[in-house]
Amino acid sequence: MRVLGMDPGLTRCGLGVVDGRAGRASMVAVGVVRTPSDAEASQRLIFLEREVDGWLAKFRPDVVAVERVFADTNVTQVMNTAHATAIALLTAGKRNIPVVFHTPTEVKASVTGSGRADKAQVTTMVTRILKLDAPPRPADAADALALAICHLWRGAATARLDALARAGAR
């Protein structure tokens with residue numbers, strides 16, 4: 001399975017592509033899309049859409065895993081993150097690629113074993129799991145890879161269990 005992980009953000013959007021299955025993962029690509037901070041929000045979203053669509057075209061993931069937006073006291077930041085999340089839904093939807101959401105706690109737990117892990121711990125474990133020579137930088141890139149790993153390890157199993165439950169209900 002190939003997963004594109006996306007750590008959504010309007011200023012910086014982390015993207016990471018991982019191939020694998022539960023217990024095994026290898027990095028295909030990682031990067032961060034930075035939108036021009038002096039541009040209008042609409043132009044920044046158009047720029048982000050082009051970049052994300054380019055990643056979808058180039059890497060052809062089976063699924064896109066996105067960090068679920070959670071409530072915060074900074075409403076502007078939450079809205080910008082939500083706008084970037086909508087770009088993932090839009091671009092993947094145009095290509096009929098499913099989009100799944102994982103909470104930050106779920107991602108941290110799947111990668112480090114603790115839902116309370118800090119960014120440094122997540123980056124360290126992503127580096128180990130993917131057998132990278134150097135930690136992915138910035139943190140948005142490491143978070144995107146962590147999202148992809150989380151889906152490989154947890155999301156795929158959850159999807160299988162859901163399918164079995166639906167089949168049993170028939």
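In the block above lies the structure referred to throughout.
Everything numeric in this text was worked out from a predicted model, so none of it was measured.

J.: Describe the nonpolar core, naming the residues involved and giving the relevant values.
T.: The biggest cluster of nonpolar side chains holds 20 residues, and the ones touching the most others in it are Val18, Val126 and Leu130. If you list the elements that add at least two residues to this core, you get strand S4 (63–67), helix H3 (104–112), helix H4 (119–129) and helix H5 (139–169). It is H5 that contributes the most residues to this core, seven residues altogether. If sequence neighbours within four positions are ignored, Val126 has contacts with Val111, Leu132, Pro136, Ala142, Leu145, Ala146 and Ile149.

J.: Which residues make up the pairing of strand S2 (residues 12–21), and what values go with them?
T.: Across the 10 residues of S2, seven count as buried, placing the element largely inside the fold. Once strand S1 (residues 2–7) ends, the chain turns through four residues before running back antiparallel as S2. Relative to strand S3 (residues 24–34), S2 runs antiparallel, the two sharing 10 bridges. Following the sheet pairing, Gly14 is matched in S3 by Val32. Counted between consecutive antiparallel strands, the loop separating S2 from S3 contains two residues, among which Gly23 sits at a positive phi close to 90 degrees.

J.: Residues and numbers for the side chain of Asp7, please.
T.: Mapped onto the elements, Asp7 comes out in strand S1. Buried within the structure, Asp7 lacks any salt-bridge partner; Lys119 is the closest side chain of opposite charge, at an N-O distance of 5.3 Å. Ignoring sequence-local partners within four residues, the contact set of Asp7 consists of Arg12, Cys13, Gly14, Glu67, Asp140, Asp143, Ala144 and Leu147.

J.: Just give me the short version of the packing of H3 against H4, but keep the residues and values in it.
T.: Taken N-terminus to C-terminus, the directions of H3 and H4 make an angle of 50 degrees; their axes are 9 Å apart at the nearest point. Classified by the angle their axes make, H3 and H4 are oblique. Every pair of crossing elements has a handedness; the one defined by H3 and H4 is left-handed. Residue-level inspection shows Lys108, Val111 and Thr112 of H3 in contact with H4, the latter providing Gln121, Val122, Met125, Val126 and Ile129. Each residue belonging to the contact of H3 with H4 can be placed in one class, and the counts come to five nonpolar, two polar and one charged.

Analysis parameters
- Residues numbered from 1 in each chain as written.
- Predicted model: local features only at pLDDT ≥ 70, side-chain atom pairs only at ≥ 80, totals over all residues.
- Heavy atoms only, no water.
- Core = buried A, V, L, I, M, F, W, Y, C linked by side-chain atoms within 4.5 Å.
- Buried < 20%, exposed > 50% of the residue type's maximum accessible area, 1.4 Å probe, protein only.
- Helix = DSSP H or I, 4+ residues; strand = E, 2+ residues; numbered from the N terminus.
- Contact = heavy atoms within 4.5 Å.
- Pairing = 2+ DSSP bridges.
- Lys, Arg positive; Asp, Glu negative; His and termini not counted.
- Salt bridge = Lys/Arg side-chain N within 4 Å of Asp/Glu carboxyl O.
- Axes fitted to C-alpha atoms, helices over the stretch in contact; angles between N-to-C directions.
- Parallel < 35°, antiparallel > 145°, perpendicular 65-115°, else oblique.
- Left-handed = near helix turned anticlockwise from the far one by under 90°.
- Nonpolar A, V, L, I, M, F, W, Y, C, P; charged D, E, K, R; others polar.

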